[in-house]
Amino acid sequence: MEAFRLGELLLRTYSAGAGEVSAPVASMSMSILAVLFVILMTVFLRTFIHLIPFIADSLLRARGSVALESSVRVSRDRNTVALVMLLPMLLLAYRYRLYNPDFLADTDPDVRMGLIAAVFAGYLLLRLFMYAVLKPRRRYEQFQIAHHATYTFFILMVILLLLTAGVMYIFNAPDSLIRLILYIETAFVYLLFLLRKAQILSLSCNHLRTFLYLCGLEILPTAALVVSAVLL
């Protein structure tokens, strides 16, 4: 919560120096998302606390995700919390310019937030499309578990990024450094997620099929997101 204190939203007003990542202008949409996130986290705080052991187990071993999915209630709660975590992810992407292609330069703050949300929505739709295309016709339980593990690791990633951004802001770290650390943490969690997903898929697939599934389900959509940020 520290990273998005109401009234401040961590939007510094000074001009960026050499090599510094300039803070974007505060927008109405950013304020609304921050307030909505605080409200929803208050509502679902007990649910999130209940999920912590399952998230930790999924982090430490592939079969932790299998155990999580075996409980309909826990998996449903995990999906709900993952949906709530989309809000702070958008705020972080906007605030620290984690997604910063040229076509967003000099856009209105609310338009910028809307475009970032649209890109994230497109990324999620592409992932769902690849899941539908590659889903096997038979014995797809492990495939489904591996797909749903995305939500678990997304929660973990956002919590880690929020804590990092909040702590570094308290110690007046420059935005460029915060941005770099957030990138590193995102890459770390993503690589760990790929490892766990490969382990889950390998429970029912050979190595070649597991690799092809990872390419289609994860690497292709993520590459499309990165390329759009670099080339557009």
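Residues numbered from 1 in each chain as written. Predicted model: local features only at pLDDT ≥ 70, side-chain atom pairs only at ≥ 80, totals over all residues. Heavy atoms only, no water.

> What should I look at first to understand the packing of helix α6 (residues 109-134) against helix α9 (residues 207-231) in this one?
Helix-helix packing is characterised by the crossing angle of the two axes and by the distance between the axes. In the contact formed by α6 and α9, the axes pass within 10 Å of each other and the chain directions differ by 160°. As far as their axial angle goes, α9 and α6 are roughly antiparallel. Once α6 is placed against α9, the crossing between them reads as right-handed. Seen from α6, the contacting residues are Val119, Tyr123, Leu126, Arg127, Met130, Tyr131 and Leu134; seen from α9, they are Tyr213, Gly216, Leu217, Glu218, Leu220, Pro221, Thr222, Ala224 and Leu225. Its residues assigned to classes, the contact of α6 with α9 comprises 12 nonpolar, 2 polar and 2 charged. (Axes fitted to C-alpha atoms, helices over the stretch in contact; angles between N-to-C directions. Helix = DSSP H or I, 4+ residues; strand = E, 2+ residues; numbered from the N terminus. Parallel < 35°, antiparallel > 145°, perpendicular 65-115°, else oblique. Left-handed = near helix turned anticlockwise from the far one by under 90°. Contact = heavy atoms within 4.5 Å. Nonpolar A, V, L, I, M, F, W, Y, C, P; charged D, E, K, R; others polar.)

> Help me understand the layout of surface pockets, please; the structure alone is not making it clear to me.
Empty space among the atoms becomes visible once a probe the size of a water molecule is rolled across them. Looking at the largest pocket, its volume works out to about 1100 Å³. Around the largest pocket sit 32 residues that line it, and Phe120, Tyr123, Phe154, Met157 and Leu225 are the ones nearest its centre. Elements that contribute at least two residues to the lining of the largest pocket include exactly α4 (72-84), α5 (86-95), α6, α7 (141-170), α8 (175-201) and α9. Taken together, the residues of the lining of the largest pocket sort by class into 23 nonpolar, 6 polar and 3 charged. (1 Å grid on protein atoms, 1.4 Å probe; cavity = no way out; pocket = protein on both sides within 12 Å on 5 of 7 lines; lining within 4 Å. Points joined across faces, edges and corners; volume = space filled by probe spheres on them.)

> What is the right way to read the nonpolar core from this model?
Proteins that are soluble and globular tend to have nonpolar side chains buried together. Ranked by size, the top nonpolar core spans 59 residues in total, and within it Met85, Met89, Tyr96 and Ile116 carry the most contacts. When contributions to this core are tallied by element, the ones reaching two or more residues are α1 (28-43), α2 (45-60), α4, α5, α6, α7, α8 and α9. Looking at this core element by element, the count peaks at 14 residues for α7. In this structure, Ile116 is in contact with Leu90, Ala93, Tyr94, Tyr99 and Leu104, ignoring residues within four places of it in sequence. (Core = buried A, V, L, I, M, F, W, Y, C linked by side-chain atoms within 4.5 Å. Buried < 20%, exposed > 50% of the residue type's maximum accessible area, 1.4 Å probe, protein only.)

> Help me understand a nonpolar patch on the surface, please; the structure alone is not making it clear to me.
Together, Val226, Val227, Val230 and Leu231 make up a nonpolar patch on the protein surface, roughly 390 Å² of accessible area in all. Topologically, Leu231 is positioned in helix α9. Among the residues examined, Leu231 registers a relative accessible area of 65% and is labelled exposed. (Patch = residues over 30% accessible without salt bridge, like charges linked within 9 Å, V, L, I, M, F, W, Y side chains within 5 Å. Areas by Shrake-Rupley, 256 points an atom, 1.4 Å probe, with all protein chains shown as cover. Salt bridge = Lys/Arg side-chain N within 4 Å of Asp/Glu carboxyl O.)

> Would you mind showing me how to read the packing of aromatic side chains here?
Aromatic ring pairs are reported here in terms of the distance separating the ring centres and the angle at which the planes meet. Using the criterion set out here, one finds 4 aromatic pairs in the structure. Note on Phe153 and Phe193: the rings are 5.5 Å apart at their centroids and 50° apart in plane angle, and the pair reads as tilted. Of this pair, Phe153 sits in helix α7 while Phe193 sits in helix α8, and the two are 40 residues apart along the sequence. For Phe153, a relative accessible area of 5% puts it in the buried group. When the ring of Tyr190 is compared with that of Phe193, the centres are 6.4 Å apart and the planes differ by 45°; the resulting orientation is tilted. (Phe/Tyr/Trp six-rings, centres within 6.5 Å; stacked < 30°, edge-to-face > 60°.)

> Whenever I open this one, the side chain of Ser58 confuses me. Can you help?
Assignment of secondary structure puts Ser58 in helix α2. When near neighbours in sequence (up to four residues on either side) are disregarded, Ser58 contacts Gly64, Ser65, Leu68, Thr152, Phe153 and Arg196.

> Where do I start with α4 in this structure?
Since the α-helix turns once every 3.6 residues, residues separated by three or four places project in the same direction. Between its terminal C-alpha atoms α4 stretches 19 Å, which fits the 18 Å expected from 13 residues at 1.5 Å a residue. Along α4, the positions that sit buried rather than exposed are Val74, Ser75, Asp77, Arg78, Val81, Ala82 and Val84. On its buried face, α4 is in contact with α1, α2, α3 (63-69), α5 and α7. (Expected span 1.5 Å × (residues − 1).)

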